[in-house]
Amino acid sequence: MDYQLELQRAVDAARPLLTTGRVADYIPALGAVDPHAFGLALATVDGEVYGAGDWEVPFSVQSISKLFTLALTLAAGSEGIWHRVGREPSGTPFNSLIQLESEQGIPRNPFINAGAVVVTDHLLTLTGDAGRAVREFLRAESGNPLLDTDPVVAGSEAAHGHRNAALAHFIASYGNLENPVEAVLSHYYAHCAIAASCRDLALAGLFLARHGVRTDGSRLLSRSDAKRINAVLLTCGTYDAAGDFAFRVGLPGKSGVGGGILAIVPGRGTLCAWGPALDRAGNSVGAVAALDAFTTATGWSVF
Ligand code: DON
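On a predicted model such as this, the values are computed, not experimentally measured, just so you know. (Residues numbered from 1 in each chain as written. Predicted model: local features only at pLDDT ≥ 70, side-chain atom pairs only at ≥ 80, totals over all residues.)

Would you mind going over the packing of helix H8 (residues 162-173) against helix H9 (residues 181-192) with me for this structure?
Working note: a packed helix pair is described by the angle between its axes plus the distance between those axes. As a packed pair, H8 and H9 sit with axes 10 Å apart at the nearest point and diverge in direction by 135 degrees. If you check the angle between H8 and H9, you find them oblique. The handedness of the crossing between H8 and H9 comes out as right-handed. Only Val181, Val184, Leu185 and Tyr188 of H9 make contact with H8, whose side of the interface consists of Asn164, Ala165, Ala168, His169 and Ala172. Residue composition of the contact of H8 with H9, grouped by class: seven nonpolar, two polar and no charged. (Axes fitted to C-alpha atoms, helices over the stretch in contact; angles between N-to-C directions. Helix = DSSP H or I, 4+ residues; strand = E, 2+ residues; numbered from the N terminus. Parallel < 35°, antiparallel > 145°, perpendicular 65-115°, else oblique. Left-handed = near helix turned anticlockwise from the far one by under 90°. Contact = placed C-beta atoms within 7 Å. Nonpolar A, V, L, I, M, F, W, Y, C, P; charged D, E, K, R; others polar.)

Please explain the site of the ligand as it appears in this structure.
Neighbouring the ligand are the residues Gln62, Ser63, Phe94, Asn95, Asn113, Glu157, Asn164, Cys192, Ser255, Gly256, Val257 and Gly282. Across the shell around the ligand, the residue classes tally to three nonpolar, eight polar and one charged. (Near = placed C-beta within 6 Å.)

Help me out: how do you make sense of the confidence of the model for the chain in this one?
Scored by pLDDT, the chain comes out at a mean of 97, with 100% of its residues at no less than 70. Of the two predicted TM-score estimates for the complex, the pTM is 0.98 and the ipTM is 0.97. (pLDDT = per-residue confidence, 0-100.)

Is there a simple way to explain the sheet that holds strand E9 (residues 269-274) in this structure?
Pairing between the strands of a sheet is mediated by backbone hydrogen bonds and can be parallel or antiparallel. If you walk across this open sheet you meet the five strands as E3-E2-E9-E8-E7, and the pairing is antiparallel. Each edge of the sheet is formed by a strand with only one pairing partner; in this case those strands are strand E3 (49-53) and strand E7 (253-255). Put simply, the sheet's adjacent strands are angled 10 degrees from each other on average, direction ignored. Relative to E9, strand E8 (residues 260-265) runs antiparallel, the two being bridged by six bridges. Residue pairing in the sheet places Val265 in a bridge with Gly269 of E9. The strands touched by helix H1 (residues 3-14) within the sheet are strand E2 (39-44) and E3, with E3 carrying the most contacts at an inclination of about 30 degrees. (Pairing = 2+ DSSP bridges.)

Even after reading the chapter, I still don't get the packing of helix H5 (residues 113-127) against H9, so can you show me in this structure?
At a minimum axis separation of 9 Å, H5 and H9 run at an interaxial angle of 100 degrees. Taken together, the axes of H5 and H9 are roughly perpendicular relative to one another. Contacts between H5 and H9 pair Ala116, Val117, Thr120, Asp121 and Leu124 from the former with Ala183, Val184, His187 and Tyr188 from the latter.

Teacher, can you tell me more about unusual backbone geometry here?
Most peptide bonds take the trans configuration, and most residues that are not glycine carry a negative phi. Look at Gln62: it is not a glycine, yet its phi comes out positive at around 50 degrees. Mapping Gln62 onto the fold places it in the loop between strand E4 (59-60) and helix H2 (65-75). Despite not being glycine, Gln104 has its phi angle at roughly 55 degrees, a positive value. Following the sequence through the fold, Gln104 ends up in the loop between helix H4 (98-102) and H5.

This is how it looks when you write it as structure tokens:
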């Protein structure tokens, strides 16, 4: 397959749609991004990487970081996390509070904000610095030593974080946090506000395409845990649009309000698309369209 040609075709298919969504502005620092930027990268399991458009431009990874916090938590042998967070789709927006009360502070899954706060809490207990753990993993897998948290975005999230603070305090009221709320939120913002490019993220996600094996050949996760993360990505990684994403793209994927989506093709590679304008569920309009076009043309799908 001519990857470069297929990537360019997918970017061309997405471009006309870029202005149909809205750039996230509930985190003010994200609102400053150029809505016309667009990139798409592909990495193969043997570490080759291809890209089109703005694929080497860093953007705010936001909720894509939740995939890595879960992987690093499970890598430390913390199976017990599944007693503190569920693995069912929520059917509600990513920042919703309503299920927490009837479900005793156990978030539905690790990829909504509430679930990611619980996973970040445990990663903080395990490592002493959850933000640093995610940054170091991304740097190692991408080979990009400059990859870092953007302090302006992290500060903007904290300054406008009433909803996440409410979620975290509510979870704490049920005894489902191990660390102080302020510390957990600060680490949560530190990993959400990491800036990375489509290239960086496509390379960093390859361990899930390699059934748990890292770029240096060492094993991060058991094959079973890699399968489980991919399964939860498919059902919960794009929130209450996970059904539509599976229908259109047919791959496990994780979106972020920075406009990125990282998708996994087990046994083959990864794709990462980025366009800042979002649909109502918080997923990038252009990224979904490009992944739809690429997977439809090439048959890269789990189905
Ligand atoms: O906590 C937040 O709201 C953001 N840091 C992350 C949300 C997000 O990326 C949801 N993704 N579509």
